[in-house]
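Descriptive structure summary
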Amino acid sequence: MLEQVAPVSLSDEFCKKYSLYDNSGIIVNAGGDIHGALFALDLSEKAVFEAKKLGYNLIVTHHPAIYGGIKRLDAVNDPQVRALADCLKSGISVISMHLNFDSAPEGIDYYLMLGLGGRNAETLCKLSGGAYGRVYGIEPVSFDEYKKRVSCEFASDKILFYGENKIIKKVASFCGAGCDDNSMAFAIENGADVFVSSDLKHHEITGLLQRGINVIHMTHYASENYGFNKIYQNVKNGELPSAYFNDGLL
C-alpha cells in the first residue's frame, strides 16, 4: 500500500540523480501479518508506547529510524536505540518513507504547496514519477494577511516571517530543510515573491531579502507533518492512487 503511494524507487532515483543519501524502506522486520499501523514523523519511545497501547505492530515514519550506519547498540543512553530495541522485543516492524514521501506526486512537498494556496507548479527536482521543490501562483494577497493564513492552516505559532508587507502572487516552497543555492536560484529565476522552507541559515534569509523575496521560515515539523498527515489520512481511508504520474509536476 505504501509503495502505491510513494515507491521507494523514487528515493533511489532522487539520490542517484541529485547526489543525495537516504535510507527509506523496511527498517525493522519483526515478521507476522500487520494488523495495525501507527504513523509518526519520527520513531521515538513515545511512538512505540502508543503503538503497544493500541495493539499495533507497525510504525510508519517519515524520517528514517536508522539513517546512517550503527556502530553500537546502547539501549541505556541512546533513546533511538531504546525505541528500536523496544520494537524488536515487542514484535513491531518499522517502515520509513523519507525522500519518496517528500517527492511523491501526492507527497509531502505537494501538500505543502496546497496548504500554501498553490495548485499547478514549476518544479525544481524532476523525477520520473514525482518532483520536489515548487514555484506556483496564488490568489494575490498582502503578506500580512498571508502570514495569518499560513499560521492558521499549519496550526503553528512558531513560524517566522521576514519581509515587507507587499502583495504576494507567487510562492516558492520546499518541505523540510530545502534551502540551498539551487533552490534559492530556482525561486529567483521564477519570480517568487516569497520563499518557504525550514532550517534556513542567517545568510540565506538575508540573501533572499536582499533580492526582494520575503521569507517564511517554518519549523521542520510544521513543513512536513502537514503533508505526512494527509498521506496518513489517504492510507487510512484507502484513497490510494492507482499509479503514480509521469509528468513530474503534480
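Preceding this paragraph is the structure being described.
Since the model is a prediction, treat every value here as computed from it, not as a measurement. (Residues numbered from 1 in each chain as written. Predicted model: local features only at pLDDT ≥ 70, side-chain atom pairs only at ≥ 80, totals over all residues. Heavy atoms only, no water.)

1. Observations regarding the sheet that holds strand S8 (residues 167-173)
- Spatially, S5-S6-S8-S9-S10-S7 is the arrangement adopted by the 6 strands of the open sheet, whose pairing is mixed. Both outer strands of the open sheet, strand S5 (122-127) and strand S7 (160-162), are each paired with one neighbouring strand and no more. Across the sheet, the mean angle separating the axes of adjacent strands is 20° when strand polarity is ignored.
- Pairing of strand S9 (residues 194-198) with strand S10 (residues 214-218), which is carried by 5 bridges, proceeds in the parallel orientation. Opposite Phe-195, over in S10, you have Val-215 as the bridge partner.
- Across the sheet, helix H2 (residues 8-18) touches S5 and strand S6 (130-142), and the angle it forms with S5 is around 100°.
- Of the strands in this sheet, S5, S6, S8 and S9 are in contact with helix H8 (residues 181-189), which crosses S5 at around 140°. (Pairing = 2+ DSSP bridges. Helix = DSSP H or I, 4+ residues; strand = E, 2+ residues; numbered from the N terminus. Axes fitted to C-alpha atoms, helices over the stretch in contact; angles between N-to-C directions. Contact = heavy atoms within 4.5 Å.)

2. Some words on the pairing of strand S3 (residues 58-61)
- Burial along S3 is two-sided: Leu-58 and Val-60 and Ile-59 and Thr-61, pointing in opposite directions, are all buried.
- Pairing of strand S2 (residues 37-40) with S3 involves 4 bridges; the strand directions are parallel. Bridging from a neighbouring strand, Phe-39 pairs with Val-60 of S3.
- Taken together, S2, helix H3 (residues 45-54) and S3 form a β-α-β motif whose crossover is right-handed.
- Note that S3 and strand S4 (residues 93-96) share 4 bridges and pair parallel. Its bridge partner being in S4, Leu-58 is matched across the sheet by Ser-93.
- Viewed along the sheet, the connection from S3 through helix H4 (residues 79-90) into S4 turns out right-handed. (Buried < 20%, exposed > 50% of the residue type's maximum accessible area, 1.4 Å probe, protein only. Right-handed = clockwise from strand over helix to strand, strands pointing away.)

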